[in-house]
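# Remarks on the overall topology
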Amino acid sequence: MDYQLVIKFWRKSLDDEAFLATLEAELSQVLGATAALDGHDLSAKEINLFIFTDDPRSVFRRAKDVLDRLGVLHSVSAAYRLVGGAQFTSVWPLRMARKFTLP
């Protein structure tokens, strides 16, 4: 898989991170063999979920349905990069105002 999709959750807009286990389980079912979940990292300001895939835009569209159903889509931004790359391409929100970065 050539791309890494990163879904970023802003912690101040979430009640807690307890939803992560449910989210990862649901994403695994929905995405199947088109993606491989690679865990997440936690910081004081954000939670980043990492997904390897060959088609990041399609994978995010399917993940977006799960995020919406779990009620966390409002607190998400997402972008992808080539595995090992540094430059991200934003996929959500559609009109991203700031540059996507990792801590």
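Residues numbered from 1 in each chain as written. Predicted model: local features only at pLDDT ≥ 70, side-chain atom pairs only at ≥ 80, totals over all residues. Heavy atoms only, no water.

## Brief notes about the nonpolar core
Within the largest apolar cluster, 25 residues are counted, with the highest numbers of intra-cluster contacts made by Ile7, Phe9, Leu23, Ile51 and Leu67. Among the elements of the structure, β1 (3-10), α1 (19-31), β3 (46-53), α2 (56-69), β4 (76-82) and β5 (89-92) are those that each provide at least two residues to this core. Judged by nonpolar contacts, the second largest core, of 5 residues, contains Phe50, Ala79, Phe88 and Phe100. (Core = buried A, V, L, I, M, F, W, Y, C linked by side-chain atoms within 4.5 Å. Buried < 20%, exposed > 50% of the residue type's maximum accessible area, 1.4 Å probe, protein only. Helix = DSSP H or I, 4+ residues; strand = E, 2+ residues; numbered from the N terminus.)

## Comments concerning the pattern of salt bridges
By the definition in use, this model includes 2 salt bridges. Across the pair Lys8 and Glu46 runs a salt bridge whose closest N-O atoms are separated by 2.9 Å. A residue pair is termed long-range when its members are at least 10 positions apart, and Lys8 in strand β1 and Glu46 in strand β3 qualify at 38 residues. The burial state of Lys8 is the same as that of Glu46; both residues are buried. Of the charged contacts, one joins Arg69 and Glu26 as a salt bridge, the two residues approaching to 2.5 Å between their closest N and O atoms. (Salt bridge = Lys/Arg side-chain N within 4 Å of Asp/Glu carboxyl O.)

## A few points about the packing of aromatic side chains
All told, the structure shown has 2 aromatic pairs when counted by the stated rule. Ring centres of Tyr3 and Tyr80 lie 5.6 Å apart, and the angle between their planes is 85°; on these two criteria the pair is classed as edge-to-face. Of this pair, Tyr3 sits in strand β1 while Tyr80 sits in strand β4; the two residues are 77 residues apart in sequence, bridging distant segments of the chain. A residue is classified by how much of its surface remains accessible, and Tyr3, at 26% relative accessible area, is partly exposed. Taking the relative accessible area as the measure of exposure, Tyr80 reaches 13% and is therefore buried. Here the aromatic rings of Phe60 and Trp92 are separated by 6.1 Å at their centres, their planes lie at 35°, and the arrangement is tilted. Separated by 32 residues along the polypeptide, Phe60 in helix α2 and Trp92 in strand β5 bring together distant segments of the chain. Exposure remark for Phe60: the relative accessible area of 3% places this residue in the buried category. (Phe/Tyr/Trp six-rings, centres within 6.5 Å; stacked < 30°, edge-to-face > 60°.)

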